[in-house]
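# Architecture at a glance
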Amino acid sequence: GESVGLHLPTLSVQEGDNSIINCAYSNSASDYFIWYKQESGKGPQFIIDIRSNMDKRQGQRVTVLLNKTVKHLSLQIAATQPGDSAVYFCAENNAGGTSYGKLTFGQGTILTVHP
Amino acid sequence: DTGVSQNPRHKITKRGQNVTFRCDPISEHNRLYWYRQTLGQGPEFLTYFQNEAQLEKSRLLSDRFSAERPKGSFSTLEIQRTEQGDSAMYLCASSPGQGDGDTQYFGPGTRLTVL
């Protein structure tokens, strides 16, 4: 049977390298974006968020970049560690619209960090 | 642990049976959300509550699904006459509900298997 859902983009890096995970979002009206990390068998874990009036936001070892012109979001992880291995999802929200409670998730990227 | 909790963590049932899941949000969070996640996909929005009011329901939420949040605290999601296609991870999230685009924090999920 079809297994499209299993063909997630993958990124393999060496421990200590920087990682960049990309996401294209669909709704030009979205004004709030979040990156989540999901480990096997667990719920998504909040990493960092950004609002549409910003183009960059930094956290601890992570940076999110937002390019509204091309509807692109990226997550940069500095000095990647084996514990960073997981599936990473971007999510968008139209906070100013009628569905401001709803997050729309992207496809997800599998990050594997090799020691 | 003051995060979002969900029970049970795993549920195996036979087709045609009814199941009910419970979600306890982070204390004092006004908004509560239900999502469904199948293998290799990002979470898909089902419904959300502002206090005890159910404000939005996805078209994914067929008439066999019902969610409640009677006292504005915990929530239940019931699936009647389960089908094999209902097999998925059911995730609950909560957010403070202050302003637009507030951060949703997820629980560990309930994995449903319908035989």
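As the structure is a computational prediction, the values presented were derived from the model and not from experiment.

### Let's talk about the overall build of chain A
Looking only at helices and strands, chain A has 0 helices and 10 strands in total. Going residue by residue from the N terminus, the α and β elements of chain A occur as β-β-β-β-β-β-β-β-β-β. Here chain A, with 115 residues, has 40% of them falling under the buried criterion. Within chain A, contacts between residues at least 6 apart in sequence are counted, and of these 54% link residues at least 24 apart. Carbon and sulfur atoms make up 47% of the accessible area of chain A, which totals about 5900 Å².

### Brief notes about the side chain of Ser75(B)
Residues and elements named next belong to chain B. Structurally, serine 75 can be placed in strand β8 (residues 75-79). For serine 75, a relative accessible area of 0% corresponds to the buried category. Of note is the side chain of serine 75, whose polar atom sits 2.7 Å from the backbone oxygen of glutamate 68. Filtering out sequence-adjacent residues up to four positions away, serine 75 remains in contact with Phe21, Arg22, Cys23, Leu32, Trp34, Phe49, Glu68 and Arg69.

### Regarding the sheet that holds strand β3 (residues 19-24) of chain B
All names here are of chain B. Across the sheet, 4 strands lie side by side as β1-β3-β8-β7; this open sheet has antiparallel pairing. Of all the strands in the sheet, the pair left with one neighbour each is β1 (5-7) and β7 (65-68). Across the sheet, the mean angle from the axis of one strand to that of its neighbour is 15°, orientation sign disregarded.

### Some details on the state of the cysteines
Disulfide: a covalent bond connecting the sulfur atoms of a pair of cysteines. Residue and element names in this part refer to chain A. Summed over the entire model, instances satisfying the criterion amount to 2 disulfides over all chains. Two residues, cysteine 23 and cysteine 90, share a disulfide whose sulfurs are 1.6 Å apart. Residue cysteine 23 is located in strand β2 (residues 19-24), and its partner cysteine 90 is located in strand β8 (residues 86-93); the two are separated by 67 residues in the primary sequence. The pair formed by cysteine 23 and cysteine 90 is uniform in burial state, with each residue classed as buried.

### Description of the confidence of the model for chain A
Any residue range with low pLDDT should be treated as having predicted coordinates unsuitable for detailed reading. On average, residues of chain A score 88 in pLDDT, and 89% of them are at 70 or above. In this model, residues 1-5 of chain A is a region of pLDDT below 50 whose contacts with residues beyond four sequence positions or in other chains number 3 contacts.

### Concerning the sheet that holds strand β7 (residues 72-77) of chain A
All names here are of chain A. Taken in spatial order, the 4 strands line up as β2-β7-β6-β5 in an open sheet, and their pairing is antiparallel. Only two strands of the sheet have a single neighbouring strand rather than two, namely β2 and β5 (56-58). Pairwise comparison of adjacent strand axes, ignoring direction, gives a mean angle of 15° for this sheet. With 6 bridges joining them, strand β6 (residues 62-67) and β7 adopt antiparallel strand pairing. When the sheet's bridge partners are listed, asparagine 67 is paired in β7 with histidine 72.

### Details of unusual backbone geometry
Note the cis peptide between Asn7(B) and Pro8(B), where omega equals -10°. Structurally, the position occupied by Pro8(B) is in the loop between β1 and β2 (10-13). One non-glycine residue, Arg61(A), adopts positive backbone phi at about 65°. Note that Arg61(A) resides in the loop between β5 and β6. With a phi angle near 50°, Ala79(A) is a residue other than glycine that sits in the positive phi range. Looking at where Ala79(A) falls in the secondary structure, it is placed in the loop between β7 and β8.

### Examining the environment of Arg15(B)
Residue and element names in this part refer to chain B. With respect to the helices, strands and loops of the structure, arginine 15 is situated in the loop between β2 and β3. Residue class for arginine 15 comes out exposed when judged on its relative accessible area of 59%. Among residues more than four places away in sequence, those in contact with arginine 15 are Thr82, Glu83, Val114 and Leu115.

Reading guide: rules and limits
- Residues numbered from 1 in each chain as written.
- Chains lettered and ligands numbered in written order.
- Predicted model: local features only at pLDDT ≥ 70, side-chain atom pairs only at ≥ 80, totals over all residues.
- Heavy atoms only, no water.
- Helix = DSSP H or I, 4+ residues; strand = E, 2+ residues; numbered from the N terminus.
- Buried < 20%, exposed > 50% of the residue type's maximum accessible area, 1.4 Å probe, protein only.
- Contact = heavy atoms within 4.5 Å.
- Areas by Shrake-Rupley, 256 points an atom, 1.4 Å probe, with all protein chains shown as cover.
- Polar contact = N/O pair within 3.5 Å; in protein donor to acceptor, adjacent residues only side chain to side chain.
- Pairing = 2+ DSSP bridges.
- Axes fitted to C-alpha atoms, helices over the stretch in contact; angles between N-to-C directions.
- Disulfide = S-S within 2.5 Å.
- pLDDT = per-residue confidence, 0-100.

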